[in-house]
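Observations on the model geometry
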Amino acid sequence: MMNVIQSIADFQDELTKWRRDIHAHPELGFEEERTAKLVAEKLQSFGLDVQRGLGKTGVVATLQVGNSHQSIGLRADMDALPILESNQFGHRSKYPGKMHACGHDGHTVMLLAAARYLAESKNFDGCVRFIFQPAEEGLGGAEAMLLDGLLEQFPMEAVFGMHNSPGMPVGKFAILSGPMMAGGAYFDIHVDGKGAHGAHPSASIDPVIAAAHITTGLQTIVSRNVAPTQPLVISVTQIHSGDAYNVIPQTAVLSGTVRAFSKTVLAMAEERMGKLAKSIAAGFGATAELDFRIRFLPLVNQPEEADFAADTAAELVGQENIHRDFPLIMASEDFSYMLDNCPGAYINIGNGDHAGSQGVHNPGYEFNDEILALGASYYARLVERRLVREGPQDA
Ligand SMILES: [Zn+2]
Ligand SMILES: [Zn+2]
């Protein structure tokens with residue numbers, strides 16, 4: 001069962017063209033100039049009121065129908081990732097080292113398609129805010145839009161977001177009431193030692209040795225400092241030190257990410273990481289400083305809006321295709337900042353589980369054009385079901 005809105009599905013070929021065009025021209029966070037222009041021009045051509053430049057490259061469009069003061073926000077993200085695409089199809093990235101490997105090209109087109117449909121059909125009463133945010137991938141685009149006055153300039157009673165989910169079959173949705181995705185921090189640990197000739201280690205304070213011990217030491221926070229029932233991830237993803245075969249370097253830098261579902265656990269991790277880094281380094285005669293920056297809050301769905309989102313999706317694909325008790329997701333998502341300031345819900349839409357399909361952030365990942373009309377229908381039905389028009393409907 002797939003109750004996709006027919007007049008959206010009728011544009012499948014055009015939507016696919018839009019999506020592939022954006023895919024071929026990926027832009028990193030806060031650099032989405034081409035994408036924002038394309039989005040703004042399309043929204044204007046649908047007759048919407050468009051404002052650019054919110055959160056640097058963000059775009060917000062407003063569609064008011066009727067006199068009702070009811071309002072709803074729908075949000076998509078526009079940024080790509082610093083990944084060298086390995087796909088060989090015709091619409092692969094034209095920019096080496098940049099790639100839409102998270103499907104934000106698809107999210108953008110799904111929301112554009114919903115905007116076009118709603119501007120034409122006008123089968124609701126109230127105000128819709130279409131939010132195209134920049135820099136979701138760790139650069140704080142949602143927060144930047146909020147700091148630029150998103151909710152003051154464009155008031156909305158609830159806001160809804162969506163992400164594609166590779167490995168989940170087409171026609172399925174997943175959502176959780178309450179905490180759904182982890183909050184996350186980025187960190188750097190600067191280790192200072194004393195450089196020396198590579199053949200004279202006793203003349204050095206080796207920052208490489210200290211960095212290696214800190215890297216393994218950090219893993220004990222997960223195994224020893226947090227309750228086994230509380231999810232926590234600490235990943236050192238970069239170790240940088242040295243430039244030569246025969247020089248013990250002066251410094252080393254460790255970097256990585258931390259994920260958890262509560263602010264308390266994040267704070268505990270920060271405190272333990274700082275202490276461990278300092279004292280392990282001190283044991284070797286070196287020093288270490290932790291720089292810990294929370295980049296994502298845990299994503300928490302409001303129960304009422306989560307139910308509304310799930311019911312809306314169920315109307316499209318049937319109750320049996322909605323996972324309402326999806327496992328917690330360790331990845332992060334900066335839509336959490338919008339949900340921290342406005343009621344709302346975030347849902348996952350199946351991107352397909354076909355052979356060879358890759359996860360997000362993989363160089364072989366591809367957004368599935370088959371779900372464009374379904375995702376757009378979901379956005380459109382959220383509006384029509386939330387901003388219900390009183391009185392007789394058009395036949
Ligand atoms: Zn991503
Ligand atoms: Zn993403």
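Residues numbered from 1 in each chain as written. Chains lettered and ligands numbered in written order. Predicted model: local features only at pLDDT ≥ 70, side-chain atom pairs only at ≥ 80, totals over all residues. Heavy atoms only, no water.

**Digging into the overall build of the protein**
Counting its secondary structure elements, the protein contains 11 helices and 16 strands. Along the first, second and third principal axes, the C-alpha set of the protein runs to 85 × 45 × 40 Å. For the protein, with 395 residues in total, the buried portion stands at 55%. Sequence separation of at least 24 residues holds for 81% of the intrachain contacts in the protein that already meet a minimum separation of 6. A total accessible area of about 16,400 Å² is found for the protein, and carbon and sulfur atoms account for 52% of it. Across the protein, the centroid of the 30 positively charged side chains sits 3 Å from that of the 47 negatively charged ones. (Helix = DSSP H or I, 4+ residues; strand = E, 2+ residues; numbered from the N terminus. Buried < 20%, exposed > 50% of the residue type's maximum accessible area, 1.4 Å probe, protein only. Contact = heavy atoms within 4.5 Å. Areas by Shrake-Rupley, 256 points an atom, 1.4 Å probe, with all protein chains shown as cover. Lys, Arg positive; Asp, Glu negative; His and termini not counted. Charge placed at Lys NZ, Arg CZ, Asp CG, Glu CD.)

**Comments concerning the coordination of the zinc ion (ligand 2)**
At 2.1 to 2.3 Å from the zinc ion (ligand 2) lie its protein donor atoms, namely Cys102 (SG), His104 (NE2) and His163 (NE2). All donors of the zinc ion (ligand 2) come from a single chain, and their spacing in sequence reads C-x1-H-x58-H. The metal-metal distance between the zinc ion (ligand 2) and the zinc ion (ligand 1) comes to 3.1 Å, with Cys102 coordinating both. (Donors = N, O, S within 2.8 Å, 3.2 Å for Na, K, Ca; no water.)

**Things to note about the layout of surface pockets**
Over the atoms rolls a probe the size of a water molecule, and in doing so it shows where empty space is left. Roughly 470 Å³ of internal volume is contained in the largest pocket. Along the walls of the largest pocket sit 22 residues, with Glu137, Ala331, Ser332, Val360 and His361 positioned nearest its centre. Among the elements of the structure, strand E5 (159-165) and strand E16 (344-350) are those that each provide at least two residues to the lining of the largest pocket. A per-element tally of the lining of the largest pocket places E5 first, with three residues. For the lining of the largest pocket, the domains that each give at least three residues are domain 1 (6-179 + 299-386) and domain 2 (183-296). Quantified by volume, the second largest pocket comes out at close to 180 Å³. Lining the second largest pocket are Tyr186, Phe187, Asp188, Thr237, Gln238, Ser255, Gly256, Thr257, Arg259 and Arg293. Counting only elements with at least two residues in the lining of the second largest pocket, the list comes to strand E8 (183-192), strand E10 (232-240) and strand E12 (251-260). Counting residues per element, the lining of the second largest pocket draws most heavily on E12, which supplies four residues. Classifying every residue of the lining of the second largest pocket by side-chain character gives two nonpolar, five polar and three charged. (1 Å grid on protein atoms, 1.4 Å probe; cavity = no way out; pocket = protein on both sides within 12 Å on 5 of 7 lines; lining within 4 Å. Points joined across faces, edges and corners; volume = space filled by probe spheres on them. Domains from an automatic or database assignment. Nonpolar A, V, L, I, M, F, W, Y, C, P; charged D, E, K, R; others polar.)

**Section: the state of the cysteines**
Under the defined criterion, the tally for this structure stands at zero disulfides. Take Cys342: it sits in no disulfide, and the sulfur closest to it among the cysteines is that of Cys127, at 12 Å. (Disulfide = S-S within 2.5 Å.)

**Here's the deal with the environment of Leu54**
In this fold, Leu54 is placed in strand E1 (residues 49-54). Taking the relative accessible area as the measure of exposure, Leu54 reaches 3% and is therefore buried. Residues Leu54 and Ala144, spaced 90 residues apart in sequence, show a C-alpha to C-alpha distance of 7.7 Å. Ignoring any residue separated from it by four or fewer positions in sequence, one finds Leu54 in contact with Val60, Met145, Asp148, Leu150, Gln153 and Phe154.

**Brief notes about the packing of helix H7 (residues 207-225) against helix H8 (residues 263-283)**
To characterise two packed helices, one gives the angle between the axes of the helices and the distance between these axes. Where H7 meets H8, the axes come as close as 9 Å, and the angle between the chain directions of the two elements is 145°. Considering the relative orientation of H7 and H8, their crossing is right-handed. Along the contact surface, H7 presents Ala210, His213, Ile214, Gly217, Leu218, Thr220, Ile221 and Asn225, while H8 presents Met268, Ala269, Arg272, Met273, Leu276, Ala277, Ile280 and Ala281. Across the contact of H7 with H8, the residue classes tally to 11 nonpolar, four polar and one charged. (Axes fitted to C-alpha atoms, helices over the stretch in contact; angles between N-to-C directions. Left-handed = near helix turned anticlockwise from the far one by under 90°.)

Everything listed here is a matter of geometry and, on its own, says nothing about what the molecule does.
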